[in-house]
Amino acid sequence: MSKQDLFIGFLVGLAANIGGVFLYISIFSEMNIDDTLADAVKNEYLGKLIALGAILNFLPFFVFLNKNQHYHARGVLLATICIAVAIAVYKIVS
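Conventions and cut-offs
Along each chain, residues carry numbers from 1 onward, in the same order as the chain's sequence is written. Note on the predicted model: pLDDT of at least 70 is required for a residue's local features to be given, and 80 or more for side-chain atom pairs to be given and counted; whole-chain, interface and lining totals, by contrast, use all residues. In computing side-chain properties, one takes all heavy atoms of the structure into account and sets aside hydrogens as well as water. One confidence number per residue, pLDDT, is output by the predictor and ranges from 0 to 100. Here a helix means four or more residues in a row that DSSP labels H or I, a strand means two or more in a row labelled E, and each is numbered from the N terminus. In this scheme, patches are assembled from residues that exceed 30% relative accessible area and form no salt bridge. Like charges are connected within 9 Å, while nonpolar side chains (Val, Leu, Ile, Met, Phe, Trp, Tyr) are connected within 5 Å. In these tables, accessible area is a Shrake-Rupley quantity obtained with a 1.4 Å probe, and a residue counts as shielded only by the protein chains included in the view. The salt bridge criterion pairs a side-chain nitrogen of Lys or Arg with a carboxyl oxygen of Asp or Glu, the two atoms within 4 Å. For each residue, the accessible area found with a 1.4 Å probe, counting protein chains only, is set against the maximum for its type, and the residue is called buried under 20%, exposed over 50%, and partly exposed in between.

**Some remarks on the confidence of the model for the protein chain**
Turning to step 1, where the next piece is worked out: Overall, the predicted model of the protein chain reaches an average pLDDT of 95, with 99% of residues at or above 70.
Turning to step 2, where the next piece is worked out: When mean pLDDT is taken per element in the protein chain, helix 4 (residues 58–66) scores highest with 97 and helix 3 (residues 46–53) scores lowest with 94.

Structural data, given as structure tokens:
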């Protein structure tokens, strides 16, 4: 059962990151989501935008810890680490 819990936590972590990116764009950007993402790719700040979206991962991580769902919390942490590695690779490649 722990592998399934880890996978669920991983998916929650990815969803929270995507939600964090969209929340950040909707609050702080004057452009719509498509234009903001296109501008982020063009001006090379997409990694920073994704990293700011990862801040929202704190919420499910601590909720899972408080509910003693440690494998779910590990999944969220794993998603955050994977996102950080993906951002680093993206920075090196571009």
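Having put the structure on the table, let's press on.
**What to know about a nonpolar patch on the surface**
Turning to step 1, where the next piece is worked out: Among the surface-exposed residues, Leu 23, Ile 27, Phe 28, Leu 56, Leu 59 and Val 63 lie close enough to one another that they form a single nonpolar patch of about 580 Å² accessible area.
Turning to step 2, where the next piece is worked out: Broken down by secondary-structure element, the contributors of at least two residues to the nonpolar patch are helix 1 (2–28) and helix 4.
Turning to step 3, where the next piece is worked out: By residue number, the principal contributor to the nonpolar patch is helix 1, which donates three residues.
Turning to step 4, where the next piece is worked out: Among the secondary structure elements, Leu 59 is positioned in helix 4.
Turning to step 5, where the next piece is worked out: By relative accessible area, which is 57% here, Leu 59 ends up exposed.

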